Amino acid sequence: MTIRVVLVDDQTLVRTGFRLVLEETGDIEVVGEAADGSQALDVVARSRPDVVLMDVRMPGLNGIEATRRIRFGPHAARVIILTTFDLDEYVLAGLRAGASGFLLKDALAAELISAVRVVAAGEAVAAPSVTRRLFAHYLGKTLPRPETDGRLAALTEREREVLTLVARGLSNAEIAAALFVSESTVKTHLGRILMKLGLRDRVQAVILGYECGLVETGNDR
């Protein structure tokens, strides 16, 4: 099955580079390009992509608002936010707007391809090291204690453990090893967590984990 992608960036060379990388795969097709958020809305409406690679800082309609309109519009393609800096304050806003993850513009070709495939499959891209630093930096240090946050009341003790490890940036395989369970069991727990808390994907689970104080900000693990 071919994954249909739209590239949104105000720099032509960036779009060209991404196109060359993605179209060498055989299973990814770039079906449109846009230089700003307004153009992106039109291109997405016409081409109906599976995934949009979205720059944040563009003239006119920025990538955050464009992401919000795409995600909650009639053609709800999944969005990967593109950023130059791993502590870009706009990334968190982009994730809140409905993006399925973020990717640094200097990512390796293999990382770009993997991110597109992962998001197209319905998962989220949350690079552990960058995710921890970004959320710790921008969510601040004044957080509720987990035992007093009512949002966690619906979770079992094991589900809370899984959510904590997800927020720390661990993969399903790493969580399985830490809890001495199978990877499929971790996936089951994560699915229940998302359902109980009304979360869209793993990225939203990471954000909520920080907001609820399950992970201390500034703590790399």
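Quick caveat, the model's predicted, so the values are computed rather than measured.

### Concerning the overall build of the protein chain
Moving on, step 1. Along its length, the protein chain carries 10 helices and 5 strands.
Moving on, step 2. Taking all 221 residues of the protein chain together, 48% fall into the buried category.
Moving on, step 3. Of all intrachain contacts in the protein chain linking residues separated by at least 6 positions in sequence, the fraction that spans at least 24 positions is 68%.
Moving on, step 4. Surface accessibility of the protein chain: about 10400 Å² in total, with carbon and sulfur atoms responsible for 52%.

### Some details on the packing of helix α7 (residues 157–167) against helix α10 (residues 202–211)
Moving on, step 1. Following both chains from N to C, one finds α7 and α10 inclined at 100°, their axes separated by 8 Å at the closest point. If you check the angle between α7 and α10, you find them roughly perpendicular. Residue-level inspection shows Leu-163, Val-166 and Ala-167 of α7 in contact with α10, the latter providing Arg-202, Ala-205, Val-206, Leu-208, Gly-209 and Tyr-210.
Moving on, step 2. The residue inventory of the contact of α7 with α10, partitioned by class, reads 7 nonpolar, 1 polar and 1 charged.

### Concerning the pattern of salt bridges
Two side chains of opposite charge can pair, provided their charged atoms sit close to one another.
Moving on, step 1. A complete count under the given rule lists 10 salt bridges for this structure.
Moving on, step 2. The shortest N-O distance in the salt bridge between Glu-65 and Arg-68 comes to 2.7 Å. Of this pair, Glu-65 and Arg-68 both sit in helix α3 (residues 63–71), 3 residues apart, which is roughly one turn of the helix.
Moving on, step 3. In this structure, the salt-bridge partner of Glu-161 is Arg-158, at a minimum N-O distance of 3.1 Å. Pair noted here: Glu-161 and Arg-158 are both in helix α7, with a separation of 3 residues, about one helical turn.

### Focus: the pairing of strand β4 (residues 78–83)
Moving on, step 1. Burial analysis of β4 places 5 of its 6 residues in the buried class, the great majority of the element.
Moving on, step 2. In this region the chain leaves strand β3 (residues 51–55), passes through α3 and returns to the parallel neighbour β4; the handedness of that crossover is right-handed.
Moving on, step 3. Here β4 runs beside strand β5 (residues 102–104); their pairing, made up of 3 bridges, is parallel. Bridge pairing links Thr-83 to Leu-104 in β5.

### With respect to helix α1 (residues 12–23)
Moving on, step 1. Counted at 1.5 Å a residue, the expected span for α1 with its 12 residues is 16 Å, and the 16 Å between its end C-alpha atoms agrees.
Moving on, step 2. Within the sequence span of α1, burial applies to Val-14, Arg-15, Phe-18 and Leu-22. Angularly, the buried residues of α1 cover 95° about the axis, an arc narrow enough to put them on a single face. In α1, the exposed positions angled more than 90 degrees off the buried face are occupied by Leu-13 and Leu-20.
Moving on, step 3. On its buried face, α1 sits against β1 (3–8), β2 (28–34), β3, β4 and α5 (109–120).

### Thoughts on the UniProt feature "modified residue: 4-aspartylphosphate" (unreviewed entry) in the protein chain
Moving on, step 1. In the numbering adopted here, UniProt assigns the feature "modified residue: 4-aspartylphosphate" (unreviewed entry) to Asp-55.
Moving on, step 2. Along the chain, Asp-55 falls in strand β3.
Moving on, step 3. On the basis of relative accessibility, which here comes to 5%, the residue Asp-55 falls in the buried class.
Moving on, step 4. Setting aside anything within four residues of it in sequence, one finds Asp-55 in contact with Val-8, Asp-9, Asp-10, Gly-63, Leu-82 and Lys-105.

### As for the environment of Ala-124
Moving on, step 1. Mapped onto the elements of the fold, Ala-124 is located in the loop between α5 and α6 (128–138).
Moving on, step 2. Given the relative accessible area of 11%, Ala-124 is considered buried.
Moving on, step 3. Measuring from C-alpha to C-alpha, the distance between Ala-124 and Ser-100 comes to 4.9 Å, with 24 residues separating the pair along the chain.
Moving on, step 4. In contact with Ala-124, other than residues within four places in its own chain, are Ser-100, Val-118, Asp-201, Arg-202 and Val-203.

What counts, and where the lines are drawn
Residues numbered from 1 in each chain as written. Predicted model: local features only at pLDDT ≥ 70, side-chain atom pairs only at ≥ 80, totals over all residues. Heavy atoms only, no water. Helix = DSSP H or I, 4+ residues; strand = E, 2+ residues; numbered from the N terminus. Buried < 20%, exposed > 50% of the residue type's maximum accessible area, 1.4 Å probe, protein only. Contact = heavy atoms within 4.5 Å. Areas by Shrake-Rupley, 256 points an atom, 1.4 Å probe, with all protein chains shown as cover. Axes fitted to C-alpha atoms, helices over the stretch in contact; angles between N-to-C directions. Parallel < 35°, antiparallel > 145°, perpendicular 65-115°, else oblique. Nonpolar A, V, L, I, M, F, W, Y, C, P; charged D, E, K, R; others polar. Salt bridge = Lys/Arg side-chain N within 4 Å of Asp/Glu carboxyl O. Right-handed = clockwise from strand over helix to strand, strands pointing away. Pairing = 2+ DSSP bridges. Expected span 1.5 Å × (residues − 1). Arc of directions from axis to C-beta. UniProt positions renumbered as here; feature names shortened; annotations may be inferred.

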